[in-house]
Amino acid sequence: MEAKMINLKVNGMPISVPEGTTVLDAAKSIGIKIPTLCYLRDINAIGACRICVVEVKGARSLVASCVFPVSEGMEVVTNSNKVLDSRKTTLELLLSDHDKNCLGCVRSQSCELQELSNEYNCNPQRFSGKAIDYPLDLSTPYLIRDNNKCILCRRCIAACDKYQSVSVIGANARGFDTHIGCAFERDLADVPCVGCGQCINVCPTGALREKEEIDDVLAAIADPKKYVIAATAPAVRIGLGEEFGSPVGSNVEGKMVAAIRRLGVKQVFDVDFTADLTILEEGTEFLGRVQNGGVLPMITSCSPAWIKFIEHNFPDQIPNLSTCKSPQQMYGAIAKTYFAEKMGIDPKDMYVVSIMPCTAKKFEKTRGNQSAAGVPDIDAVLTTRELARLIKRQGILFNDLPEEKFDAPFGIGSGAGLLFGVTGGVMEAALRTVVEVLTGNEAGPVDFTEVRGMEDIKEATYNVAGMDVKVAVTSGLANARKIMESIKRGECDYHFIEIMSCPGGCINGGGQPIKTAYERNNTDIKAKRATAVYDTDKKMPLRKSHNNPAVKQLYKEFLGEPNSHKAHKILHTKYGARKNY
Amino acid sequence: MAEIKLTKVPFEGTAEQESKLRQELASIKTWEGNLMPALQAAQGIYGYLPIEVQKIVAEELVLPLEKIFGTVTFYSQFTLNPRGKFLVSVCLGTACYVKGAGDVFDASKKKLGISDGECTTDRKFSLVSTRCIGCCGLAPVMTVNEHVYGKLVADDVSGILDTYIKA
């Protein structure tokens, strides 16, 4: 049934929009942007910040357009002096107790409060009075909470609760004392926070940011005793360009490699390579479980926030997890064993940098059972954003760089490896290999489109060599929780499940370039970035992990067979239940 | 920033209290808007809302603990601290304050080793600052349960509290 149309006037212009539309969206439909701070489509419509106020004829006071539905005959003014003055005063009140050390703030020029204050010609000193002074939460290896820059928009709370069902942050106390925190004022490290970083991505200011490791990396590069190598995750090349002005969904692999090389690292490798390696290990593990009556469904283990989530919330289901280390950890493990041996370098002197679209990877590198060579597999993790900052700080003119290629031997990745960056990608990569192994048909299918797309939970059944393999794919931990609960109730007969923590997968990871609420609300960022992944994969000559010549060589020279004793020692890990409160 | 005061008093909840709470929550949780009545019921049983009690509420109502804690710290009707056997109230109303109640309050804090709103770990004393209690002629005034002590100086506090410590 078609929605009933409502006629109204916005700034004197007559328009007709479907019933239920908010004033905010009605104005947008005729090219008028009403500013917002707290509003995030689908997850945070609370009318709290009062920036989106407009005049509605007959209304007692200004109304919050993000939650105010249109009605027949309504007359809206979005830009009167009364409206503009109100917004300006609200901004100046927000600024009155805001930490205004903007010059060195990591979010300077991507801060929504700064942008609006500038647009409204605000005087940050207009209101003086009591100032807030909160200690920083530095308890985790991945995130810094700085409540002195918080404007209490509650977007982080919504992301944590609605996207992830992790729900460890909220508003504590009341009035001037209101602050975002955890239950019983605990640090983030003492609550079941999973480190996904989605709160950072939605924060309008610098109140949430990753814990930077840039200085550690620069110190290692400057240390003549250290042999520094770096590698990038699939999704980094898809996001990085946005920090240098490229449109959303640009693959800047060549320039990215050139830029990292100019930082002074010895080699630039591709985590797509160890994604391929993961497929061989995980695919073999899956076939083993199917053939030997092992624990099913098997669930992927690439996403460290997901691993921490299951350890906190579903400890009984830990045996369902694949024992494979993530591609990041496999990269570090292989670098410090096989590669160090080959190059005659003491693993202690090798410094392995991993560049990730992810904040949880900073936690993952500190986990136990992640030290194949007796030293931690990974030394430093930089997010996509940190890489961009580092490139800028080093004076590297990103857009002027030539396109360069990754180094041997870990510079070859297949299209399947690249797919690890997007929801459904690990499943599709695994299917490309598993189906060929089971059927022996080299000309078997490459595209498994049923597991692609941004739906919450995707299901498919593939008949492989006479056996029906039932798979499920989801992203966003709120969706993962739904799947886990149905497994617990015994309602699922899946064989293989892919779970990525961040909605849409790593392309939308907590370490990716930050998009304003306006961009998030009005463009499908996840879908655009995903398209870049699939378009690249389509054009690649090498699209199946098991055909990766570098992976084949690694097994031949070093590991033997997938799931061999040596492979288990180096490439697999363990998990354990974690306490909640 | 006003600090949220978390108690250090060891939890002494009994199995009877827990089963009573779970029983009450069994019906409350079916209501729309169940959190406030649930917390009121819990505080009615335990007298305060420590983490052990909030965890029971979270579990029964299937809500995140932070959601419970945020609500508890928003409303002044809820307390995170138990009440001691003796409630020491120091009036910080205008008349008492100008006659030196601030020093009396500081002396009380020092003597008991707790701050405003807290309870000693032996559950003997709670300390609160209050506004005018209506006997300004006796300023500065302190009460211990129903006993009123007036025209105090800071040095009086130790002796008065000693009588309760020995009690």
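Residues numbered from 1 in each chain as written. Chains lettered and ligands numbered in written order. Predicted model: local features only at pLDDT ≥ 70, side-chain atom pairs only at ≥ 80, totals over all residues. Heavy atoms only, no water.

Per the secondary structure count, chain A includes 20 helices and 17 strands. Here the C-alpha atoms of chain A give a radius of gyration of 25 Å, agreeing with the 25 Å that 2.2 N^0.38 yields for 581 residues. Across its three principal directions, the C-alpha atoms of chain A cover 75 × 60 × 50 Å. Within chain A, the fraction of its 581 residues that count as buried is 60%. Within chain A, contacts between residues separated by at least 24 positions form 74% of all contacts whose residues are at least 6 apart in sequence. Counting every atom, chain A has about 22,500 Å² of accessible surface; 51% of that belongs to carbon and sulfur. In chain A, 70 side chains carry a positive charge and 69 a negative one; their mean positions are 3 Å apart. (Helix = DSSP H or I, 4+ residues; strand = E, 2+ residues; numbered from the N terminus. Rg over C-alpha atoms; globule rule 2.2 N^0.38 Å. Buried < 20%, exposed > 50% of the residue type's maximum accessible area, 1.4 Å probe, protein only. Contact = heavy atoms within 4.5 Å. Areas by Shrake-Rupley, 256 points an atom, 1.4 Å probe, with all protein chains shown as cover. Lys, Arg positive; Asp, Glu negative; His and termini not counted. Charge placed at Lys NZ, Arg CZ, Asp CG, Glu CD.)

So, on to the state of the cysteines. According to the stated counting rule, one finds zero disulfides over all chains in the structure shown. For the unlinked cysteine Cys 492 of chain A, the closest cysteine sulfur is that of Cys 302 of chain A, found at 20 Å. A relative accessible area of 22% means that Cys 492 of chain A is categorised as partly exposed. Cys 96 of chain B takes part in no disulfide bond, and the closest cysteine sulfur, belonging to Cys 91 of chain B, lies 3.6 Å away. (Disulfide = S-S within 2.5 Å.)

Before going further, it helps to spend a moment on the domain arrangement of chain A. All names here are of chain A. According to the domain assignment, chain A contains domain 1 (5–79), domain 2 (94–210) and domain 3 (214–556). Here domain 1 and domain 2 have C-alpha centroids that lie 27 Å from each other. Taken together, the contact between domain 1 and domain 2 spans nine residues of the former and 15 residues of the latter. Buried area between domain 1 and domain 2, both sides added, is near 1,000 Å², and the carbon and sulfur share of it is 71%. For the domain 1 face of the interface with domain 2, the top three residues by lost area are Leu 37, Leu 40 and Ile 43, together amounting to 59%. In this assembly, domain 1 and domain 2 are joined by two residue pairs in polar contact (both at pLDDT 80 or more). (Domains from an automatic or database assignment. Buried area = accessible area lost by both parts, 1.4 Å probe. Polar contact = N/O pair within 3.5 Å; in protein donor to acceptor, adjacent residues only side chain to side chain.)

So, about the pattern of salt bridges. Between side chains of opposite charge, a pair can form as their charged atoms come close. Residue and element names in this part refer to chain A. By the definition in use, this model includes 46 salt bridges over all chains. One salt bridge in this structure joins Lys 342 and Glu 557, with 3.5 Å as the shortest N-O distance. With Lys 342 in helix α11 (residues 327–343) and Glu 557 in helix α19 (residues 549–559), this pair connects stretches of sequence that are 215 residues apart. Judged by relative accessible area, Lys 342 falls into the partly exposed class, the value being 46%. (Salt bridge = Lys/Arg side-chain N within 4 Å of Asp/Glu carboxyl O.)

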